[in-house]
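# Remarks on the overall topology
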Amino acid sequence: TDSQPVSLPPCARGPARTRRPRLCRPGGTMRIFAALCLASSAYAYSPSVGLGVRRSAATPVAASHSRVRDAPSMVADPRAKPEAFIGSTFGSNSAMFYRQGTLVLEDGTRLKGVSFGYEASVSGEIVFTTGMVGYPESLTDPSYRGQILVMTYPIIGNYGVPEDDEDAWGLPRFFESDHVQVAALIVSDYSHHHSHWNSRRSLSQWLNQQKVPALYGIDTRLLTKKIRAKGALRAYIEFEPNVKLAEAPQVTFEDPNLRNLAAEVSTKETKVYGEGNKHKILAVDCGVKANIIRSLVQRDAEVTLVPWDTPLAPLMDKFDGLFLSNGPGNPASVQVTIDNIKAVMDAQLSGEAPVKPIFGICLGNQMLGMAAGATTFKLPFGNRGQNQPVINLLSRRCVITPQNHGYALDADKLPEDWEALFQNRNDDSNEGIMHKTKPWFTAQFHPEAKCGPSDTSFLFDLFLETLDNPDKPIREALSAGKYVAEEEKPLTKVLLLGSGGLSIGQAGEFDYSGSQAIKALKEEGLEVVLINPNIASVQTNKDGQGQSPADRVYLLPVTPEFVEDVIKRERPEGIILSMGGQTGLNCGIALEKRGILEKYNVRVLGTQVDAIEATEDRGIFSDKLNEINERIAPSFACNTVDAAIAASEKIGFPLMIRSAFALGGLGSGLCYDKAQLLSMARTALASSPQILVEKSLKGWKEVEYEVVRDAADNCITVCNMENFDPLGIHTGDSIVVAPSQTLSNAEYMKLRSVAIKVARHLGIVGECNIQYALNPDSEEYCIIEVNARLSRSSALASKATGYPLA
């Protein structure tokens, strides 16, 4: 009956005795909890391991209306393997039923969290890292040795953990070392149900296998603010044992930087990777990441990895260059390595040995600088994450870099024959140095980028080039790409093409982006003329509703004829096409083709008309992507129904029709047979001069990136988004989530790199949106389209990130 005692999971009950806990009384929350457990289609209760056992076919499951008395009969197969998580819950709100641990900081702060890793007390230095993907790579990064890592991104574990696999060179394929390096992991929310084609286990399972403690349900925002205010803190995690012995050792605070962490993670024997490759590189291992070795071997290098304290000068005659690896801890602890590097440099400077290139990363930057005579200091809270802006002091170009270091080089103490090469734009700390005449240079950040963006991978190419020609100065290569501004042209008045006619519930994003454009132009002291026929919009409000209103508003259709009349009357020097959606783009292309812009000497601000046309004309778009070997679905641009039928015979059904120059994808859709193709092609060609007939990728994930590029070729991705529904459902009818939820670091960063590459090749200046189809069972992708304008995704990205896109 309802009043009978209930057998609770071991983690939820107290001392072993029969009792009637309050939660089990009729109407109590335990009854609700048990009913939820019974109704779950994914998991069943097992008294041997608690909740979190994937139900096998033999596991009995009661109907959702079963009463509490049925709970004891819910016993899973005792051989069942926990697939999702161990010691965790159905959701963070039910943490009261499960094993808790306490994070203790040296300032006295105590924070309770729920365990989802190995339950053992541990101490270390608590630090934080930023980044939305890449937790398997971060946790196995040797530079995190001895540290309790706080991840600022709240969703961790969402794409599980891949298998322990090796690549063709014997390196871990998905990790940066052969085991987890962090002392412990702290997250805000642990995703109990991971979703990814490459996942073989949950994060919880992996951490238990690796014997690494982890807590969730802790306020990581509070922790991050505390670390930023007080610097990296000593901390420990403690678990209250079930049985406490009087002589049990007590966990205490420990500073891992007092240990020689580099010696702990360094190889104990010499190893060779890429044997037989052209370039012979001697690499000092102070905690080298797997992808650094891979990045060198992929470029035809044979890498000989030696322990951290190996004398280097006697070996250099056998090698073309020297590489100094990343690593954890205080650089002062590797003075032996620094002395060995200095011996190599002294021999080359004195002429005793030929000059050979030296390249260092992270700790390698600090070691080379100290060997040159500079000093290092401990940063307050370090630079760790995937989004650190760094400026090249030679070219003045800014790049986004992944970083992981707690110490920095004092570049002011460098001798005269050395100079700073890179600088952090957040705290102005040194990010790399170079010798003025020798091919010796470094990067404090991580150009190998696992995890993080690979914008600086060109440094590996430069290093390999210097191996072939060590006498060639590296300054010229590192100075390349310096922006030289064009002669400034007069600009006092700008014509803005507005959003045009809007339907209720549609295209409101263009009113929003246009009003923001007016605000930005007015802040620059420019006179703004607006054309927009819609009186019921923020753009056309005289008072601007808190925004700066346009100086003059023409309530006229956004068509070439009316726009020409306004240009003739107002004589603006510039025109903006990208804030009015598809209507503005189509009008801008027509104005250019008719020669109206040239006639009145009006220049297009931002993305030029030829780039707009390349994104709108499906034939040109396909050709442009082929020029840079980018992937699009097999397709044919067609101007007639007969051409569409001929294309379908080559592609096969089902197929996709996409209309060029169309508002909101009008006329686009899936076709499953010839009859449907005929009907849809006639409809689409009635309102569009061209359609694209392409292979259907229905069922693939749909992912978008918002990209911003300026005239100096600085290019960033503001954020990415993942559609809730797969391809086959129009984005306007779906739900989009920012940021993506099921992409791994490899997928996220690959699509990011492609987005930047495409934006640069097309000549985008301003904002654009790129949409991908991503195979849910691999890393295969295709580019669907590029919108060279503000879109509904831009408005979402602006609000989700706080970045003023629109």
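Note that the coordinates shown come from a computational prediction; the quantities given were computed from them, not determined experimentally.

### Notes on the sheet that holds strand S8 (residues 184–186)
- Taken together, seven strands build a closed barrel; the order of strands is S3-S4-S10-S8-S6-S5-S11 and the barrel is mixed. On average, adjacent strands in this sheet sit at an angle of 35° to one another, irrespective of strand direction.
- Sheet analysis places strand S6 (residues 147–151) next to S8, joined by three bridges and oriented parallel. Directly across from Ile148, in S8, lies its bridge partner Ala184.
- Here helix H4 (residues 220–230) sits on the sheet and contacts strand S3 (100–105), strand S4 (110–115), strand S5 (122–129), S6, S8 and strand S11 (233–238); the angle it forms with S5, its principal contact strand, is near 90°.

### Observations concerning the packing of helix H7 (residues 335–350) against helix H8 (residues 363–372)
- Where H7 meets H8, the axes come as close as 8 Å, and the angle between the chain directions of the two elements is 60°. Comparing their axes, H8 and H7 come out oblique. For H7 against H8, the interelement crossing comes out right-handed. On the side of H7, the interface is formed by Gln335, Thr337, Ile338, Ile341, Lys342 and Met345, while H8 contributes Met367, Leu368, Met370, Ala371 and Ala372.
- Broken down by class, the residue content of the contact of H7 with H8 amounts to eight nonpolar, two polar and one charged.

### A word on unusual backbone geometry
- A cis amide bond links Phe653 with the next residue in sequence, Pro654, at an omega value of -5°.
- Along the chain, Pro654 falls in the loop between helix H17 (641–651) and strand S28 (655–659).
- Cis geometry is adopted by the peptide bond preceding Pro739, which originates at Ala738 and carries an omega value of -5°.
- With respect to the secondary-structure elements, Pro739 resides in the loop between strand S33 (736–737) and helix H19 (745–762).
- Residue Arg571 is not a glycine yet carries a positive backbone phi of 55°.
- Its location among the elements puts Arg571 in the loop between helix H12 (560–570) and strand S25 (574–576).
- Non-glycine residue Asn601 carries a positive phi angle of around 55°.

### Some words on the packing of aromatic side chains
- Applying the stated criterion across every chain yields a total of 16 aromatic pairs.
- When the ring of Tyr135 is compared with that of Tyr159, the centres are 4.6 Å apart and the planes differ by 35°; the resulting orientation is tilted. With a gap of 24 residues between them, Tyr135 in helix H2 (residues 135–139) and Tyr159 in the loop between strand S7 (155–156) and S8 connect regions that are remote in the sequence. One exposure class covers both Tyr135 and Tyr159, and it is buried.
- Measuring from centroid to centroid gives 5.1 Å for Phe422 and Phe445, while their planes differ by 75°, and the two rings are edge-to-face. Of this pair, Phe422 sits in strand S19 (residues 418–424) while Phe445 sits in the loop between strand S21 (440–443) and helix H9 (458–468); the two residues are 23 residues apart in sequence, bridging distant segments of the chain.
- An aromatic cluster is built from Phe323, Phe359, Phe441, Phe460 and Phe463, whose rings are joined through pairwise contacts.
- Looking at Lys378, its charged tip hangs above the ring of Tyr407, at a distance of 5.7 Å from the centre.

### Considerations on the pattern of salt bridges
- Here the structure, examined in full by the defined rule, presents 33 salt bridges.
- As a salt-bridge pair, Arg259 and Glu254 come within 2.8 Å of each other at their nearest N and O atoms.
- Measuring nitrogen to oxygen at the nearest pair gives 3.0 Å for the salt bridge that ties Lys757 to Glu630. On the criterion of sequence distance, the pair formed by Lys757 in helix H19 and Glu630 in the loop between helix H16 (618–627) and strand S27 (635–638) is long-range, its members being 127 residues apart.
- Residue classification places Glu630 among the buried positions, given a relative accessible area of 8%.
- Bridged by salt links that share partners, the residues Arg145, Glu254, Arg259 and Glu264 form one connected network.

### Quick word on the sheet that holds strand S22 (residues 493–497)
- Taken in spatial order, the five strands line up as S24-S23-S22-S25-S26 in an open sheet, and their pairing is parallel. The outermost strands of the open sheet, each flanked by one partner alone, are strand S24 (552–554) and strand S26 (603–604).
- Where S22 meets strand S23 (residues 527–531), five bridges bridge the pair, whose relative direction is parallel. The residue of S23 that forms the bridge with Leu497 is Ile531.
- Strand contacts of H12: S22, S23 and S24, with the helix running at about 165° to S22, the strand carrying the most contacts.

### Details of the side chain of Ser793
- When you line up the elements, Ser793 lands in helix H20 (residues 792–801).
- Excluding residues within four positions of it along the chain, Ser793 makes contact with Glu704, Glu706, Met721 and Asn769.

### A closer look at the pairing of S5
- Along S5, eight of the eight residues are buried, which leaves the element largely enclosed by surrounding structure.
- In the sheet, S5 pairs with S11 via five bridges, with the strands oriented antiparallel. Paired with Ser123 across the two strands is Tyr236, which belongs to S11.
- Where S5 meets S6, five bridges bridge the pair, whose relative direction is parallel. For Val127, the partnering residue across the bridge sits in S6 and is Leu149.

### As for the nonpolar core
- With 76 residues, the main nonpolar core has Leu139, Leu203 and Tyr705 as its most contacted residues.
- Counting residues per element, this core draws most heavily on H19, which supplies nine residues.
- Counting 34 residues, the second largest nonpolar core, distinct from the first, contains Tyr273, Val390, Leu459 and Leu467.

### Quick notes on H7
- In this model, H7 (16 residues) spans 22 Å end to end at C-alpha, consistent with the 22 Å of a helix rising 1.5 Å per residue.
- For H7, every residue scored as buried is listed here: Thr337, Ile338, Asn340, Ile341, Val344, Met345, Ala347 and Gln348.
- Looking at the buried residues of H7, the elements they touch are strand S13 (279–284), strand S15 (321–324), strand S16 (358–361), H8, S19 and S21.
- Following H7 by one or two positions, Gly351 adopts a phi angle in the positive range, close to 90°.

### A short note on the confidence of the model for the protein chain
- Overall, the predicted model of the protein chain reaches an average pLDDT of 85, with 84% of residues at or above 70.
- Low pLDDT (under 50) marks residues 1–96, which in the prediction has 135 contacts with non-local residues, meaning those over four places away or in another chain.

### So, the packing of helix H6 (residues 290–297) against H9
- Axis separation between H6 and H9 bottoms out at 10 Å; the angle between their running directions is 50°. Accordingly, the angle class assigned to the pair H6 and H9 is oblique. As H6 packs across H9, the resulting crossing turns out to be right-handed. Touching Ile292, Ser295 and Leu296 of H6 are Phe460, Phe463 and Leu464, all from H9.
- In the contact of H6 with H9, the residues fall into five nonpolar, one polar and no charged.

The rules behind each value
- Residues numbered from 1 in each chain as written.
- Predicted model: local features only at pLDDT ≥ 70, side-chain atom pairs only at ≥ 80, totals over all residues.
- Heavy atoms only, no water.
- Pairing = 2+ DSSP bridges.
- Helix = DSSP H or I, 4+ residues; strand = E, 2+ residues; numbered from the N terminus.
- Axes fitted to C-alpha atoms, helices over the stretch in contact; angles between N-to-C directions.
- Contact = heavy atoms within 4.5 Å.
- Parallel < 35°, antiparallel > 145°, perpendicular 65-115°, else oblique.
- Left-handed = near helix turned anticlockwise from the far one by under 90°.
- Nonpolar A, V, L, I, M, F, W, Y, C, P; charged D, E, K, R; others polar.
- Phe/Tyr/Trp six-rings, centres within 6.5 Å; stacked < 30°, edge-to-face > 60°.
- Buried < 20%, exposed > 50% of the residue type's maximum accessible area, 1.4 Å probe, protein only.
- Lys NZ or Arg CZ within 6 Å of the ring centre and 35° of its normal.
- Salt bridge = Lys/Arg side-chain N within 4 Å of Asp/Glu carboxyl O.
- Core = buried A, V, L, I, M, F, W, Y, C linked by side-chain atoms within 4.5 Å.
- Expected span 1.5 Å × (residues − 1).
- pLDDT = per-residue confidence, 0-100.

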